[in-house]
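Chain and residue survey
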Amino acid sequence: MSEYKLFAGCVIPNRLPFLELASRKVFEKLGVQTSDAPFSCCPDPVGFQSTDKESWLALGARNLCIAEEEGKDIVSLCNGCTQTLKAVQYDIARASELEKQRISDILAKVNKEYKGSITVKHFVQVLIEDVGIDKIKSMIKKPIELKIACHTGCHYARPAEVMNWDDPEHPIYLRQLVEACGATPVDYEEEVLCCGAGAGNAKPEYGLGVLKRKLDSVISAGADCICVVCPACFTQFDTQQRALSKMVEKEYKIPVLYLTELMALGMGFTPKDLNLKYHGVKTKNIMEKIGL
Amino acid sequence: MSMDLEFRRIVLGKYMDSTLHYCLQCSRCNDVCPVNEVSDGAYNPRSVILNAYLGLKENLIGKPNNIAVWGCQICDTCNLTCPQDIELTDIFYIVKNLSVQAGEAPEYYVIQAKAILESGKAIPLQTAIERRRSQMGLPEVPTGFEDDVKIILKETELEEKLSKY
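Residues numbered from 1 in each chain as written. Chains lettered and ligands numbered in written order. Predicted model: local features only at pLDDT ≥ 70, side-chain atom pairs only at ≥ 80, totals over all residues.

1. Details of the overall build of chain B
So the rule is basically this: Only runs of H or I of at least four residues qualify as helices and only runs of E of at least two qualify as strands under DSSP, and these elements are numbered from the N terminus. Here the radius of gyration uses the C-alpha set of atoms, whereas the globule reference equals 2.2 Å times the residue count to the power 0.38. Exposure in this text rests on C-beta crowding, where 20 or more other C-beta atoms within 10 Å of a residue's own make it buried, 12 or fewer make it exposed, and counts in between make it partly exposed. The C-beta atoms are placed from the backbone. Contact between two residues is assigned whenever their backbone-derived C-beta positions fall within 7 Å.
Secondary structure assignment for chain B yields eleven helices and zero strands. Counting from the amino terminus, chain B carries its helices and strands in the arrangement α-α-α-α-α-α-α-α-α-α-α. Taken over C-alpha atoms, the radius of gyration comes to 19 Å for chain B, far larger than the 15 Å a tight globule of 165 residues would show. When the backbone C-alpha atoms are referred to their principal axes, chain B occupies close to 55 × 35 × 30 Å. Expressed as a percentage of its 165 residues, the buried residues of chain B come to 39%. Within chain B, residue pairs in contact and separated by at least 24 positions form 71% of the contacts whose partners lie at least 6 positions apart.

2. Here's the deal with the interface of chain B and chain A
Where we set the bar: Classification used: nonpolar for Ala, Val, Leu, Ile, Met, Phe, Trp, Tyr, Cys and Pro, charged for Asp, Glu, Lys and Arg, polar for all others including Gly.
Each partner contributes residues to the interface: chain B has 50 residues there, and chain A has 50 residues. Those elements giving two or more residues to the side of chain B that touches chain A turn out to be α3 (34–38), α5 (67–70), α6 (77–81), α7 (88–101), α8 (107–119), α9 (127–135), α10 (146–155) and α11 (158–161) of chain B. Considering every element that reaches the side of chain B that touches chain A, the biggest residue donor is α10(B), with six residues. Its residues placed into classes, the side of chain B that touches chain A shows 32 nonpolar, ten polar and eight charged.

3. With respect to helix α10 (residues 173–180) of chain A
All names here are of chain A. Counting buried residues in α10 gives six out of eight residues, a clear majority hidden from the surface. All of the buried residues along α10 are Y173, L174, R175, L177, V178 and A180. For α10, the elements touching its buried residues are α7 (123–131), α8 (133–139), β5 (147–151), β6 (184–185), β7 (225–228) and α14 (259–266). Just downstream of α10, G182 is the residue with a positive phi angle, here 90°.

4. Description of the nonpolar core
Rule in force here: The term nonpolar core refers to a set of buried Ala, Val, Leu, Ile, Met, Phe, Trp, Tyr and Cys residues connected through C-beta atoms within 7 Å.
Counting residues in hydrophobic clusters, the biggest one holds 144 residues, and the most contacted among them are A:L177, A:C227, A:V228 and A:L262. The greatest single-element share of this core, amounting to nine residues, is contributed by helix α4 (residues 53–70) of chain A.

5. Looking at the domain arrangement of chain B
Formally: Boundary definitions for the domains trace back to an automatic or database domain assignment.
Domain annotation of chain B identifies domain 1 (5–101) and domain 2 (107–161). Using only C-alpha atoms to locate each centre, domain 1 of chain B and domain 2 of chain B end up separated by 30 Å.

6. Considerations on the pairing of β7(A)
All names here are of chain A. As a reminder of what qualifies: Note on pairing: two strands pair once DSSP finds at least 2 bridges between them.
Side chains C225 and C227 of β7 all project onto a buried face; the interleaved residues I226 and V228 project onto the opposite face, where all are buried too. In this sheet, β7 lies alongside β5 in parallel orientation, the contact comprising four bridges. Across the sheet, residue I148 finds its bridge partner in β7, namely C225. As paired strands, β7 and strand β8 (residues 256–258) are joined by three bridges and run parallel to one another. Bridge pairing in β8 places V228 opposite Y258.

7. As for the environment of A:N79
Here A:N79 lies in helix α5 (residues 79–94). C-alpha of A:N79 to C-alpha of A:P45: the two residues are 34 residues apart in sequence and 9.6 Å apart in space.

8. As for the sheet that holds β7(A)
Strand order in the open sheet formed by four strands is β6-β5-β7-β8 (chain A), and the pairing between neighbours is parallel. Two strands bound the open sheet, and with one partner strand each, they are β6 and β8 of chain A.

9. Quick look at the packing of α4(A) against helix α6 (residues 97–108) of chain A
Helix packing for two helices is described by the angle between their axes and how far apart those axes are. Residue and element names in this part refer to chain A. Let me state the cut-off plainly: Angles shown run from 0 to 180 degrees and are taken between the N-to-C directions of axes, each axis being a line fitted to C-alpha atoms and, for helices, limited to the stretch in contact. The sense of a crossing depends on the near helix, which, turned anticlockwise from the far helix by less than a right angle, makes the crossing left-handed and, turned clockwise, makes it right-handed.
Two elements in contact, α4 and α6, have axes whose closest approach is 10 Å; the angle formed by their N-to-C orientations is 65°. Two packed elements cross with a definite hand, and for α4 against α6 that hand is right-handed. Residue-level inspection shows L57, A58, A61, R62 and C65 of α4 in contact with α6, the latter providing I103, I106 and L107. Here the contact of α4 with α6 is composed, by residue class, of seven nonpolar, no polar and one charged.

10. A closer look at the sheet that holds strand β4 (residues 120–122) of chain A
All names here are of chain A. Strand order in this open sheet of four strands is β2-β1-β3-β4, and the pairing throughout is parallel. Of all the strands in the sheet, the pair left with one neighbour each is β2 (34–35) and β4. Pairing of strand β1 (residues 4–7) with β2, which is carried by two bridges, proceeds in the parallel orientation. Paired with Y4 across the bridge in β2 is T34. Docked against the sheet, α5 engages β1, β3 (74–76) and β4, running at close to 155° with respect to β4.

11. A look at the environment of B:K96
As for its placement among the helices and strands, B:K96 is situated in helix α7. Taking the number of C-beta atoms within 10 Å as the measure of exposure, B:K96 has 27 and is therefore buried. Along the chain, B:K96 and B:N66 lie 30 residues apart, while their C-alpha atoms are 9.8 Å from each other. Those residues in contact with B:K96, other than ones at most four positions away along the chain, are A:S50, B:V69 and B:W70.

12. Section: the confidence of the model for chain B
Using the following cut-off: pLDDT expresses, on a scale from 0 to 100, how confident the predictor is about each individual residue.
The predicted model of chain B has a mean per-residue pLDDT of 94, with 97% of residues at 70 or higher. Both scores are available for the predicted complex, with the pTM at 0.97 and the ipTM at 0.96.

13. A closer look at unusual backbone geometry
Residue and element names in this part refer to chain A. Here the bond from C42 into P43 is cis, since omega is -10°, no more than 30 degrees from zero. Within the secondary structure layout, P43 lies in the loop between β2 and α3 (47–51). The omega angle of the peptide bond from R158 to P159 is -10°, so this bond is cis rather than trans. Within the secondary structure, P159 is located in the loop between β5 and α9 (160–163).

Printed below as a string of C-alpha cells:
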C-alpha cells in the first residue's frame, strides 16, 4: 500500500482532534501510511462554493497540486473535503479552454501547475479497497455489540457522477465496516437523509427540522447510537440535539461515534485512550452496555 | 416582472448544450428536498430553476427574504432524483454567488469566507485546541498555505465580492 497525503480538513484538526486521534490510531494498526502537507481549507463545498465558485475552485486546485507534486493520492477524513477535491477535478476536466486557462493563470501566481494526476479517496474507500473487510475483521479483538444507525451523509456519494463511489441511494460500505466491528447496522427509513447541518447555516429551525426527522427515524429503529464518517454530520448530531430538545420540548440524546472511533474501540483502545469525554452527547451508557 | 438578459446569459452560459432546457417542472426536486418540507415550501427548488432559466432575477435576488435562494443546503438529493439529469445545485451555486455580491448572503457564509480570507481555513485553529492536540500526542497542524491563499484570493477578488458586508 503506498503512502497517502492525509487531508484532515479544518473541522477535525481544529475542533474535533479526538477524531483525528482515533483515525490515526486505526490507520497505524491497519498499515495505512499517511503524511501531512500544507493544505489550506479544502474549501467547504457547501459554504465557500456558494459564496464564490472561482475562489473555491482555485483553492481546491492548489491543494490538489501539492499532492500531485509528490505524486501521492489523498485520503480525506471528511465528506466535504472529499467532495470539494473530487468536484474540483471534475469541474476542471469539463471546463472550457478559457476557464482552464483562467485557473492555470491563478495557480501560476503561486508557482503551481494543475495536472489532474492523482486520486482523491474518502477514508471509507481506503478501508474497503486498500485494507479490506477481512483484515479489519481479523483486527477486532472486542466486538462492539451495539445496534447502530449508519449515516454516510450527503457528500459521501452524491452527486454520483462526481463521487463515483458506493451506491448513493443504498450505501453499503459503511454498513459492512460497522458489521466488521461486531455491531449490527439497523434498517431505518431515513438512512440517506441529510443531517441538516447545511440548512441550519441559513436558518437554524430548518436544520433542526431535518435533524428531527432523521433522529425520529433512528429512534424508531431501536438504534443505540449513530455512526458517521463526516465531521459536519458529527457536529450536527453531537451538538444540536440539545437545541432540538429545547425547540420541540422532548429530550434527544443519541450518542454519535465516528467510524474510526468505533473501529478503534473494537481494536482494544479504551474510551479514555480515545478521549470520548469530549463528545457532547455522552457515550457512557453505550460503553457500559458493551462493558467498557 | 422582466427578464434580465445578463442574468439569463450567466445561467445558461455553461449549460446551453445541457439539460436545463428540458426541465419538465415535474417537481420531483421539491418532493425529495428536505428543506422544502421543513420550510413549508418557502424554499422551492423547482421555482429557483424556473426563475433562473427564464432570467427572472428579481424573483431570486433583491427579495427581503433570502430563503428562496439560501434554503438550499447542497445535499444533492434533487440532483440524484431529477428525471432529466439537471444538475440543479450547479445552477444554485451561480444564483448564490450573485446573491453574495448583491449583499444578501446569510451571516454564516460571510463569516466563513472572511475566515478563509484571513487565515486560509474556514475554521481556524484555537490555542485551547492546540493544547488539547499536544496533550493527545497529535502532531502540529501543518501551516505554510497562508501566503498562497492570500495571493489566490486577491486574484479572484474575493474581498471585492464581499464588499457589501
